[in-house]
Amino acid sequence: MKFYLQLILLLICGPIIVNAQKEIRFPTLDSLFSFAEKNSSVIKTNYEQALLAKYQKIAAIGNVINFRDPVAFSLTNNTTLPVSFIPADLLGGPPGTFKEITLGQKYVSNIGITPQIDIINPNTWAQIRSASVNVELTNANNQLSKKSLYESIAACYYNIGTYLEQIQLMQNNISSTDTLLLIVSDKFSQGQVRQQDVNDATINKLSLQDKLRQLEVTLEQQYNSLKILCDIPVNTTVRLEEKLKYDQQFVQDLKPNSQLLIKSALLQEEYARADLLTNRLSNLPIVSLLYSNSYYQNSNNQLFDNNPNDKWLNAVYLGAKVTFLLPDVNRIILTQNSKVNYQEALINLEHNKLQNDINNSQLQLDYEKAYSQFSMFKQVYALKQENYKMASAQYAQSILSFDKLLIAFNDMLNSRINYSSSLASLLYTKSKIDINNTLK
């Protein structure tokens, strides 16, 4: 009996658990940013790029000495030894003739270690600086990528907020159109209005129903966009719990001060300069330290012969090597390309300085514009709402035609939607400033 009771409870609660696993709630925009920080493919890719840049720096540091330590081990069975010729008179033969002899031994064993260390290599020294700058440049570009991601998430967040509110407004006003349709139909049955008024009321209701459907589709599209940005599974329900707050005040000290674009351009210029120096120094000679320590054994009996007469012999040497690279067309072209890239980086630096300042100024203007529109639509909605109330009273007294009542109704509804949209635009602009000032 207990087993069946547990089974019934599992069947009842199972869908609730599954549904809970497929729903994610976000109380604030910051909570959505935190989720994206852990799950977004953009952030994960940025992390891998930063890790790769660090490994490249480690490789550049390790390549300074360039310690090469080849260990060679060989076993040779000379099945047929090479034949050499020497003057026959050396062996008591007639002068002017040659004697065939075979030199070498059948079995040869050899093991040796020959390390080489670069003690002077300007090219690899310059690569360390290039790799270090590349780490900083990668981090700066990752911040730019993250900023773009957060701005896109914020846009979806506030779009969803305003669409949810507009859907609720549309649903409420469809109920109002039902009331209008009933009033007009009742007056038509009494012969007080025309059939045209009934048709207009019906058309108005159908129009609002279509707008509601369009809003619902657009809302679903915004949810899908948000899921793509945050890498949320498609079958997961997303709930944004924060409501749009209309008590907004203009913030005087809300000034954009992002310097990411300049920082990225500066590092790009520094990286191009380091790359140019690296290519130039590649033409300088390289000084290396050489060492060799090898053991070998020759025998006509077998490999690893234990015969005391075929003992292992040792050879050791220590030396230095200077490597001069002759002029190479590819290297010359590579250096010239680096020089062009450096000049381009200088041009981009000046341009990005200007663009960064303009972007900050434009963002400030966008905020001022968004707040101005928000304040204006707030006043317009209050006036349109008042107009509709007066039009309703006048229509009830039969001193206003129904078509003008519909105009007043739609004006009020459109102004309310504009009021909601302007609030979302204002909040989005404020969030962009916060994002720009936070990600440095």
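Residues numbered from 1 in each chain as written. Predicted model: local features only at pLDDT ≥ 70, side-chain atom pairs only at ≥ 80, totals over all residues. Heavy atoms only, no water.

Caption draft 1: Highlighting the overall build of the protein. The helix and strand tally for the protein stands at eight helices and nine strands. Taking 2.2 N^0.38 as the reference for a compact globule, 440 residues should give roughly 22 Å; the C-alpha atoms of the protein span a radius of gyration of 41 Å, well beyond that estimate. Overall, the C-alpha framework of the protein stretches about 150 × 75 × 40 Å when taken along its three principal axes. For the protein, the residues scored as buried account for 36% of the 440 residues in total. Restricting the contact set of the protein to residue pairs at least 6 apart, pairs at least 24 apart contribute 83%. Split by element, the accessible area of the protein, about 26300 Å² in all, is 58% carbon and sulfur. Charge centroids of the protein, computed over 40 positive and 38 negative side chains, lie 2 Å from each other. (Helix = DSSP H or I, 4+ residues; strand = E, 2+ residues; numbered from the N terminus. Rg over C-alpha atoms; globule rule 2.2 N^0.38 Å. Buried < 20%, exposed > 50% of the residue type's maximum accessible area, 1.4 Å probe, protein only. Contact = heavy atoms within 4.5 Å. Areas by Shrake-Rupley, 256 points an atom, 1.4 Å probe, with all protein chains shown as cover. Lys, Arg positive; Asp, Glu negative; His and termini not counted. Charge placed at Lys NZ, Arg CZ, Asp CG, Glu CD.)

Caption draft 2: Local environment of the nonpolar core. Core analysis: the largest hydrophobic core is formed by 68 residues, its most contacted members being Phe 26, Leu 29, Leu 32, Ile 153, Leu 226 and Cys 230. For this core, the secondary-structure elements that each account for two or more residues are strand E1 (23-26), helix H2 (29-39), helix H4 (122-189), helix H5 (195-230), strand E7 (237-240), helix H7 (329-396) and helix H8 (402-438). Ignoring sequence-local partners within four residues, the contact set of Leu 29 consists of Ile 153, Ala 154, Tyr 157, Tyr 158, Glu 242 and Ser 431. (Core = buried A, V, L, I, M, F, W, Y, C linked by side-chain atoms within 4.5 Å.)

Caption draft 3: Looking closely at the layout of surface pockets. Its boundaries defined by the atoms lining it, the largest pocket holds a volume of some 630 Å³. Forming the walls of the largest pocket are 26 residues, and the residues nearest its centre are Tyr 157, Tyr 158, Glu 242, Lys 243 and Leu 244. Per-element tally for the lining of the largest pocket: the top contributor is H4, with nine residues. Here the residues of the lining of the largest pocket sort into 12 nonpolar, seven polar and seven charged. (1 Å grid on protein atoms, 1.4 Å probe; cavity = no way out; pocket = protein on both sides within 12 Å on 5 of 7 lines; lining within 4 Å. Points joined across faces, edges and corners; volume = space filled by probe spheres on them. Nonpolar A, V, L, I, M, F, W, Y, C, P; charged D, E, K, R; others polar.)

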